[in-house]
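Examination of the molecular architecture
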Amino acid sequence: MSQFQFVSRSTEETMGIAERLGQEAEAGDLFALDGDLGAGKTHFSKGLAKGLGVEAMVNSPTFTILKVYNGRLPFYHIDAYRLDENEEEELGLDEYMDGDGVTAVEWAGNLQTQLPSRRVIITFKRTAEQERELIVCTDNTRFEQIFKEFTD
Ligand SMILES: Nc1ncnc2c1ncn2[C@@H]1O[C@H](COP(=O)(O)OP(=O)(O)O)[C@@H](O)[C@H]1O
Ligand SMILES: [Mg+2]
């Protein structure tokens, strides 16, 4: 398990790294995002979508749990903030994670489902008005180079 830690100093920077990851992402990749409200999970997801070639506007899926977008690969954007165990079972997360697309889950810490080994776990911390600390844990070596570039 590799760990990376770096600071994003703007929304653009957060979206920029996510866009790079989206460009490199392959079917089955999953980004598990955690951190308080306003920490940057949705902006990161917007960047991912852009990197995947999604042209539609990506918003917070809070009231819908799952939104599907068309890009170079399908992009599944999930918000687990209010997800209870029954809903999670109904949603059948496994199908998305083993599937043909790339998944981003906000509030991933709320999930009971076992995440795939290729998961990228990112914890966002608000350190100042425009500053977020990102802590990345992953076994997915494909993204290592990108994270290294952003590490100070
Ligand atoms: N470095 C940064 N990275 C991401 N968002 C930032 C940053 N600095 C300020 N922000 C602001 O923080 C908020 C993040 O909101 P959002 O992405 O919806 O968070 P979450 O989905 O975690 O609740 C936005 O208002 C954004 O403009
Ligand atoms: Mg959000």
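Residues numbered from 1 in each chain as written. Chains lettered and ligands numbered in written order. Predicted model: local features only at pLDDT ≥ 70, side-chain atom pairs only at ≥ 80, totals over all residues. Heavy atoms only, no water.

- By the naming in an unreviewed UniProt entry, the protein goes by tRNA threonylcarbamoyladenosine biosynthesis protein TsaE and is assigned to Salicibibacter halophilus.
- You can read under Subcellular location (unreviewed entry) in the UniProt record for the protein the words "Cytoplasm".
- The UniProt entry for the protein carries the following comment under Sequence similarities (unreviewed entry): "Belongs to the TsaE family." (UniProt positions renumbered as here; feature names shortened; annotations may be inferred.)

Some words on a negative patch on the surface
- On the surface, a cluster of negative charge is made up of Asp84, Glu85, Glu87, Glu89 and Glu90.
- With a relative accessible area of 66%, Glu89 lands in the exposed category. (Patch = residues over 30% accessible without salt bridge, like charges linked within 9 Å, V, L, I, M, F, W, Y side chains within 5 Å. Areas by Shrake-Rupley, 256 points an atom, 1.4 Å probe, with all protein chains shown as cover. Salt bridge = Lys/Arg side-chain N within 4 Å of Asp/Glu carboxyl O. Lys, Arg positive; Asp, Glu negative; His and termini not counted. Charge placed at Lys NZ, Arg CZ, Asp CG, Glu CD. Buried < 20%, exposed > 50% of the residue type's maximum accessible area, 1.4 Å probe, protein only.)

Focus: the coordination of the magnesium ion (ligand 2)
- Here the magnesium ion (ligand 2) is held by Thr42 (OG1) and Glu106 (OE), and the distances to it run 2.1 to 2.2 Å. With Thr42 in helix H2 (residues 41-51) and Glu106 in strand E5 (residues 102-106), this residue pair connects regions lying 64 residues apart in the sequence. Pair check on accessibility: Thr42 and Glu106 agree, each one buried. (Donors = N, O, S within 2.8 Å, 3.2 Å for Na, K, Ca; no water. Helix = DSSP H or I, 4+ residues; strand = E, 2+ residues; numbered from the N terminus.)

Overview of the site of ligand 1
- Every one of the 17 residues lining ligand 1 counts as a neighbour, but Thr14, Gly38, Lys41, Thr42 and His43 are closest to it.
- Within the contact set of ligand 1, an oxygen atom lies 2.7 Å away from a side-chain nitrogen or oxygen of Lys41.
- Taking His43, its side chain carries an N or O atom lying 2.7 Å from an oxygen atom of ligand 1.
- For ligand 1, whose unbound accessible area comes to 570 Å², protein coverage reaches 79%.
- Tallying contributions element by element places H2 first for the shell around ligand 1, with 3 residues. (Near = heavy atom within 4 Å. Polar contact = N/O pair within 3.5 Å; in protein donor to acceptor, adjacent residues only side chain to side chain.)

Some details on the pairing of strand E3 (residues 66-69)
- Relative to strand E4 (residues 75-79), E3 is paired through 4 bridges, and the arrangement is antiparallel. Bridging across to E4, Val68 finds its partner in Tyr76.
- Hairpin connection from E3 to E4: 5 residues lie between these consecutive antiparallel strands. (Pairing = 2+ DSSP bridges.)

Overview of the environment of Glu87
- Take Glu87: it is sitting in helix H3 (residues 85-91).
- Here Glu87 falls in the partly exposed class, since its relative accessible area comes to 31%.
- Here the alpha-carbon distance between Glu87 and Glu24, two residues 63 residues apart in the chain, equals 31 Å.
- The residues touching Glu87, leaving out its near neighbours within four places in the chain, are Ile65 and Arg82. (Contact = heavy atoms within 4.5 Å.)

A short note on the side chain of Asp29
- Within the fold, Asp29 resides in the loop between helix H1 (11-24) and strand E2 (30-34).
- Exposure remark for Asp29: the relative accessible area of 1% places this residue in the buried category.
- Among the polar contacts made by the side chain of Asp29, one reaches the main-chain amide nitrogen of Glu26 at a distance of 2.7 Å.
- A polar contact of 2.9 Å, which involves the side chain of Asp29, links it to the side chain of Arg142.

A look at the packing of aromatic side chains
- One pass over the structure, following the stated rule, counts 9 aromatic pairs.
- Taken together, Phe4, Phe6, Phe147 and Phe150 form an aromatic cluster joined through their ring pairs.
- When the ring centre of Phe143 is taken as origin, the NZ or CZ atom of Arg142, which lies over that ring, is 5.2 Å away. (Phe/Tyr/Trp six-rings, centres within 6.5 Å; stacked < 30°, edge-to-face > 60°. Lys NZ or Arg CZ within 6 Å of the ring centre and 35° of its normal.)

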